[in-house]
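Coordinate analysis (summary)
The primary structure of each chain is shown beneath.
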Number of protein chains: 2
Amino acid sequence: MAPLSPPMDHVDRILAQWKQERQDLDVEPMGLLGRLARLRTHLAREIEKALAAHGLNSASFDVLATLRRAGPPYQLSPGDLLATTMVSSGTMTNRLDQLEKAGLIERAHNPEDRRSVIIALTPKGFALVDAAVTTHVENQHRLLEALGTDERAALDGLLRKFLAAFE
Amino acid sequence: MAPLSPPMDHVDRILAQWKQERQDLDVEPMGLLGRLARLRTHLAREIEKALAAHGLNSASFDVLATLRRAGPPYQLSPGDLLATTMVSSGTMTNRLDQLEKAGLIERAHNPEDRRSVIIALTPKGFALVDAAVTTHVENQHRLLEALGTDERAALDGLLRKFLAAFE
DNA sequence: CGCCATTGTCTTGACGTCAAGATAAAATGA
DNA sequence: TCATTTTATCTTGACGTCAAGACAATGGCG
């Protein structure tokens, strides 16, 4: 018996159209990259939903989580936060403005460098992110239920190698 | 000899911090999902760069490419375009407005349904997207160079299965 | 026929992001 | 020392996106 081929999905249909219209192109990479992009959009939307239950989005959660997992005293500079979050400095300023208004972080002067700012998690921010991360991790487990243990390990390994080409 | 373990990457460091700070959480899924998200950001930025050489971004390219690969007469309704692009109707209207201003598409009434609109690629739009897709596909090949043939197939298969859980 | 739910598209207002540049402080080095 | 470069953060203006809802046309159904 021939092995079962998986059913045609949305991305397969796109590739089939290109093969019809532009036979000169080798569109094979478009399949992998298209699936990665679509999957990422679905996952991001699911993650936003889970965080919304705590009044957060993934932008604000990322900042709070970075401060939380840094350990006591839960303080980092905007520059430190930039180094881990893949956003521009203007975006980080905007995120910090909102978190400060919400009382989840505080800005303090750095006595050792007056250009620099110390961002500190408030008790309210700490409590919120600690609750949110619990929900978030549970949600992440749920999102991975479609894959078995071996598949997760294989996928993670391939993503690791691929990602290494860019950072 | 023990097998070589890959070097610690950015995501590994995040996981190590969580393991230190929140030992109650099983953060294993965060590794896979974090790598997927970071990888997608890197890839999206590279793709934007390649399309910018043609004056396009991935938003406008997606619309033009959908019309192009649909085949003659290179016409679809906004609703058809919505069905393949994972954006809201307001986003699509905005994209079409700009493409129309740029002379790359035209809007026409649908004689069979006066609610409906026919979006047609102009000759200028056809020529542009045909050139852009050539560059885009070359760029996609380049982006996948980090992976071998077998790895690409394995990754694509896992992404296909994962994506199937969401659509 | 005429009412009502549905469909297809567009409008509005808000949000998150970025690139480019402004500002101020600190480090460098002649 | 002092001018220059570098670093750290913030500001500005533009862009792409979304959710919610407006609007007109269509299709079903009594």
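Residues numbered from 1 in each chain as written. Chains lettered and ligands numbered in written order. Predicted model: local features only at pLDDT ≥ 70, side-chain atom pairs only at ≥ 80, totals over all residues. Heavy atoms only, no water.

What follows is about the overall build of chain A. Check the secondary structure of chain A and you find seven helices and three strands. When the helices and strands of chain A are read in sequence order from the N terminus, they spell out α-α-α-β-α-α-β-β-α-α. Taking 167 residues into account, the globule formula puts the C-alpha radius of gyration at 15 Å, and chain A, at 21 Å, lies well above it. Dimensions of chain A, computed from the C-alpha atoms along their principal axes, are close to 70 × 35 × 25 Å. The buried share of chain A, taken over its 167 residues, is 44%. Considering only contacts within chain A whose residues lie at least 6 apart along the sequence, 45% involve residues at least 24 apart. (Helix = DSSP H or I, 4+ residues; strand = E, 2+ residues; numbered from the N terminus. Rg over C-alpha atoms; globule rule 2.2 N^0.38 Å. Buried < 20%, exposed > 50% of the residue type's maximum accessible area, 1.4 Å probe, protein only. Contact = heavy atoms within 4.5 Å.)

Contact residues are listed per partner, giving 66 residues for chain A and 66 residues for chain B. Interface area for chain A against chain B, summed over the two sides, is near 6,900 Å², with a carbon-plus-sulfur share of 68%. Three residues stand out in chain A for area buried against chain B, namely Arg69(A), Met86(A) and Arg160(A), and they jointly supply 11% of the buried area on that side. Our enumeration of links across chain A and chain B arrives at 14 salt bridges. With its nearest N and O atoms 2.9 Å apart, the salt bridge here joins Asp156(A) to Arg35(B). Inspection of the region where chain A meets chain B yields 24 residue pairs in polar contact (both at pLDDT 80 or more). Contributing elements (two or more residues each) for the side of chain A that touches chain B: helix H1 (10-21), helix H2 (28-52), helix H3 (58-69), helix H4 (78-85), helix H6 (123-143) and helix H7 (149-164) of chain A. Sorting elements by how many residues they give to the side of chain A that touches chain B places H2(A) first, with 17 residues. Here the side of chain A that touches chain B is composed, by residue class, of 35 nonpolar, eleven polar and 20 charged. (Buried area = accessible area lost by both parts, 1.4 Å probe. Salt bridge = Lys/Arg side-chain N within 4 Å of Asp/Glu carboxyl O. Polar contact = N/O pair within 3.5 Å; in protein donor to acceptor, adjacent residues only side chain to side chain. Nonpolar A, V, L, I, M, F, W, Y, C, P; charged D, E, K, R; others polar.)

Topologically, Arg22(A) is positioned in the loop between H1 and H2. Among the polar contacts listed, one links the side chain of Arg22(A) to the backbone oxygen of Asp130(B), at a separation of 3.1 Å. Those residues in contact with Arg22(A) that sit more than four places away from it in its chain are Arg68(B), Asp130(B), Val133(B) and Thr134(B).

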